[in-house]
Each structure stands twice: as structure tokens, then as C-alpha cells.
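# Chains, contacts and geometry: an overview
The primary structure of each chain is shown beneath.
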Amino acid sequence: MPSPAQEDHWCTRPVLVTGAGGFIGTHLVRRLGALGARVHAVSRRSRESSNGETWHVADVADAGAVEWLIDSTRPAVVFHLASEVAGARDPRLVLPMLHSNLTSVVNLLTAVAAVPGTRVVLAGSLEELRPDEGDRAPSSPYAVSKWAADGYARMFHHLWDVQVSNLRIGMVYGPGRQDTRKLVPYVALSLLRGRTPELGSGTRHLDWVYVDDVVDAFLAAGETPDAAGRAFDIGTGTGTSIRDTADLLSKIVGGRARPRYGVLGDRPLDSARIADPAPAAEILGWQPAVGLEEGLRRTVDWFARENG
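Everything in this summary refers to the structure shown in the same document. (Residues numbered from 1 in each chain as written. Predicted model: local features only at pLDDT ≥ 70, side-chain atom pairs only at ≥ 80, totals over all residues. Heavy atoms only, no water.)

### Some points on the overall build of the chain
Along the backbone of the chain there are 10 helices and 11 strands. Relative to the 2.2 N^0.38 estimate, which gives 19 Å for 308 residues, the radius of gyration of the chain is 19 Å and therefore close to what a compact globule would have. The principal-axis extents of the C-alpha atoms in the chain amount to approximately 60 × 45 × 40 Å. In the chain, buried positions account for 49% of the 308 residues. Look at the contacts in the chain between residues 6 or more apart in sequence, and 79% of them connect residues 24 or more apart. (Helix = DSSP H or I, 4+ residues; strand = E, 2+ residues; numbered from the N terminus. Rg over C-alpha atoms; globule rule 2.2 N^0.38 Å. Buried < 20%, exposed > 50% of the residue type's maximum accessible area, 1.4 Å probe, protein only. Contact = heavy atoms within 4.5 Å.)

Below is the structure:
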């Protein structure tokens, strides 16, 4: 339940959410609506309001469209979630990722620089390289686009005082995710249908974070002035292998089907990506509340209801 202080903070406040039709965006728009915010939601296709939000059709990779959005909505906070997400190691993804994930950030920060006081929260990724990783190569076109976006955010903050923060989000899961290419929906739906999920070795360790906890982190960053100019890991700080995650889903679902490992090849440059949640706890007052098993149970229950 939101606190009275949180309700007071967001009630009637104008907020712009890009990528509002996506997985995290849908949950964030719903929460902001419940808090009484005046939500302007952005998508590349027309949508009907379900939580009192006003929808705008725009491509945030278009500088003119972004300038119009900022001028017409005058948001106190912009949550920038619009992004292409793909982990494939395919050179054909370089330009689309540059266009969707980097150009959009530069367009947004440029428009906001002309409106002092507007706060921006970017949806980054734990796939980004951290400063302590030296000259290690980014693992994918997606990872390097997010890493570069963080660099632009820091530049806009330090040169032009744009109040921007970046949330490096772990592996988000939870009810409502429809993309069956993602691990949790793919494995859960396969097992619920009595089919065998086919996976790689399953040895990679990832930091799984429940979608409601991620929404809490966005709200905290949007409420906290000291977040400006910083990047925060948003995760549990605990790594769980893909194999252990899939096996836990198998335990929750029950039935006779089991995941098969080693069927697919592992991707090059993959590595463990585990959050350091301490800065988010210290500065944002944020910490995850939903454990992995509980979160997966809620997710499986949702898929079972939706596909029953």
C-alpha cells in the first residue's frame, strides 16, 4: 500500500511515461494512476485509457515528436522506458539499437534541458558495463546502447544540470509479461502445457527482480532529488542460475514435463550480472520486497489463469 506521503507527492502531478505499453510501463502507469498522478502515456500505436491516463502516439526516436511531448505535457517527471530489448549477437541489430535506445535518450535529454526542473528517470540495464569493468567489451548491441545512454545522461547532468538518473535493472519478471521469448514466460507456459522447455547450459547467473519492486524503484527515483546524476543497480544482489530458475518453475508448476539443458548454444560474452543494491537502499530508500520463489509463484498463477 502507498504511504500518505507518496500519495501526496504524486497526486495531480503531471508525469510522462514513454514505452508505457510495455511490460514495466503498463505496471508503472497503473500504479501512478492509483496514486492520482496526471499520467501522459506514450506509445507508437493508439491505445485506450484503462487507468485514467492520456495516451499520445509518438516515436521518441523522432526529435520533433519528443520536443512536442515535453512542450505540450510539461511533466514534472519523465520515466523513459521506451526501448528495443534483444540480447542477440547480430550485427543487424546495431543500427536499430542505436536508433531506438540511444537516439531516443539524446532527444529526450535535449528537450528536457530547455525545461529546468524536470526530472528524468531512465530505464537502464544490468547488461551495461560498470566503471570498474575496465576495457571489457560490451556483450551485445543492446548492452552497448544502454551503456552509451548512461554516458549521455551523465554529460547532460554535469554540463547542463539536467536532473536525470539511470536505473540499471536486472532480469525483470512477473505477471503480465506476454513476450514468450523471455525465459520465465517461455518455461512457465511450456510446463503448464506439458511441454519440455529446451534451454542452453543454464549455468549463467542472473539477478531476478519482481516487476512490482521495479515500479517501486522508479517511483523512488522520481521522488528523490539526490538521485540526479547517479546510476543505481535495481536487483536483489543475489545471483540465481538459469538452471535453478527453470527447475524452480518446474517445481512450482508440477506435472511430468522437465526442462532440457544443453539443447541450445550459450551466447558469447555472456557473464553473471548481479546488482549491488546498496546505493539504491542508501539514497533512494529502495530495496526489493518479493523473493524469487514467491514472485515465480505469482507469475505462474497469472499464466495459469490467463491461459487456462
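### Topic: the sheet that holds strand β6 (residues 163-169)
With respect to topology, 7 strands assemble into an open sheet ordered β3-β2-β1-β4-β5-β6-β10, the strand pairing being parallel. The open sheet has two edge strands, β3 (54-57) and β10 (231-234), and neither has a second partner. Averaged over all pairs of adjacent strands, the angle between their axes in this sheet comes to 20°, without regard to strand direction. Bridge count for strand β4 (residues 77-80) against strand β5 (residues 119-125) is 4 bridges, and the pairing is parallel. Among the inter-strand pairings, H80 is bridged to a residue of β5, identified as L122. The strands touched by helix α5 (residues 141-160) within the sheet are β5, β6 and β10, with β5 carrying the most contacts at an inclination of about 155°. (Pairing = 2+ DSSP bridges. Axes fitted to C-alpha atoms, helices over the stretch in contact; angles between N-to-C directions.)

### With respect to the pairing of β5
Buried residues dominate β5, accounting for 7 of its 7 residues. In β5, alternate side chains face the same way, and those of R119, V121, A123 and S125 on one face and V120, L122 and G124 on the other are all buried.

### A short note on the pattern of salt bridges
Taken as a whole, this structure holds 10 salt bridges when the rule is applied. Note that E198 is salt-bridged to R260, the shortest N-O span being 3.4 Å. Of this pair, E198 sits in the loop between α6 (183-192) and β8 (205-206) while R260 sits in the loop between α8 (242-253) and α9 (278-284), and the two are 62 residues apart along the sequence. You can call E198 partly exposed: its relative accessible area is 34%. For R297, the salt bridge goes to E293, with nearest N and O atoms at 3.0 Å. Separated by 4 residues within a single helix, R297 and E293 lie in helix α10 (residues 292-306), roughly one turn from each other. (Salt bridge = Lys/Arg side-chain N within 4 Å of Asp/Glu carboxyl O.)

### Quick word on helix α7 (residues 211-223)
Relative to the 18 Å expected for 13 residues at 1.5 Å per residue, α7 spans 19 Å between its end C-alpha atoms, a close match to the ideal helical length. Listed as buried for α7 are V211, D213, V214, V215, A217, F218, L219, A220, A221 and G222. (Expected span 1.5 Å × (residues − 1).)

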